[in-house]
Amino acid sequence: QVQLVESGGDLVQPGGSLRLSCSTSKDIVRINDMAWYRQTPGKQRDLVASITTGGTTNYADSVKGRFAISRDYAKDMLYLQMNSLKPEDTAVYYCNRNNPSGRSYMYPWGQGTQVTVSS
């Protein structure tokens, strides 16, 4: 069974940076359009950034110019570099397949990684 394991979350001050990692297996990163999502208590999980198998990236307006999604095929890893962090970026971050239609199969969600931006 596919497992997605997110890591790298932490408490950081506004303006700081973090790099999130998503460990996968079975060539998941190579064969799928992948994405990072985030969720705050009581709210739905929202798309933050996506990357296609061809390398095309897309970002939510709120993170454009600050976040960068990337992947490493050899290591089956997905990354999210987050710069100029703001308090509103505070959330639990998850990785999974990109699902623009909302109807595609999603892998079982991992536990996520908590990002807290606060002074």
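Before reading further, recall that the structure is shown in the block above.
Residues numbered from 1 in each chain as written. Predicted model: local features only at pLDDT ≥ 70, side-chain atom pairs only at ≥ 80, totals over all residues. Heavy atoms only, no water.

K.L.:
What am I meant to see in the overall build of the protein here?
P.N.:
Across its full length, the protein carries 1 helix and 10 strands. In terms of overall dimensions, the protein is globule-like: its C-alpha atoms have a radius of gyration of 13 Å, near the 14 Å expected for 119 residues. Seen along its three principal axes, the alpha-carbon backbone of the protein occupies a region of about 40 × 30 × 25 Å. The 119 residues of the protein split such that 43% are buried. Contacts spanning at least 24 positions in sequence make up 55% of the contacts within the protein whose residues lie at least 6 apart. Accessible surface, the protein: about 6,300 Å² in total, of which carbon and sulfur atoms supply 46%. Measuring between centres, the 13 positive side-chain charges of the protein sit 3 Å from its 10 negative side-chain charges. (Helix = DSSP H or I, 4+ residues; strand = E, 2+ residues; numbered from the N terminus. Rg over C-alpha atoms; globule rule 2.2 N^0.38 Å. Buried < 20%, exposed > 50% of the residue type's maximum accessible area, 1.4 Å probe, protein only. Contact = heavy atoms within 4.5 Å. Areas by Shrake-Rupley, 256 points an atom, 1.4 Å probe, with all protein chains shown as cover. Lys, Arg positive; Asp, Glu negative; His and termini not counted. Charge placed at Lys NZ, Arg CZ, Asp CG, Glu CD.)

K.L.:
What should I look at first to understand the packing of aromatic side chains in this one?
P.N.:
To describe a pair of aromatic rings, you give the distance between the ring centres and the angle between the ring planes. Counting across every chain of the model gives 3 aromatic pairs. Between tyrosine 94 and tryptophan 109, the aromatic rings sit 5.8 Å apart at their centres with planes inclined by 85 degrees, giving edge-to-face as the arrangement. Within this pair, whereas tyrosine 94 is found in strand E9 (residues 91-97), its partner tryptophan 109 is found in the loop between E9 and strand E10 (113-117), the two being separated by 15 residues in sequence. The buried category is assigned to tyrosine 94, whose relative accessible area is 10%. The exposure class of tryptophan 109 is partly exposed, given its relative accessible area of 33%. (Phe/Tyr/Trp six-rings, centres within 6.5 Å; stacked < 30°, edge-to-face > 60°.)

K.L.:
Looking at this structure, I do not really get the state of the cysteines. What am I missing?
P.N.:
One covalent bond between the sulfur atoms of two cysteine residues makes up a disulfide. Summed over the entire model, instances satisfying the criterion amount to 1 disulfide. Across a sulfur-sulfur distance of 1.9 Å, cysteine 22 and cysteine 95 are joined as a disulfide pair. Every disulfide takes its handedness from the sign of the S-S torsion; for cysteine 22 and cysteine 95 that torsion is 55 degrees, giving right-handed. Placement of the pair is cysteine 22 in strand E3 (residues 18-23) and cysteine 95 in strand E9, with a sequence separation of 73 residues. Among the residues examined, cysteine 22 registers a relative accessible area of 0% and is labelled buried. (Disulfide = S-S within 2.5 Å.)

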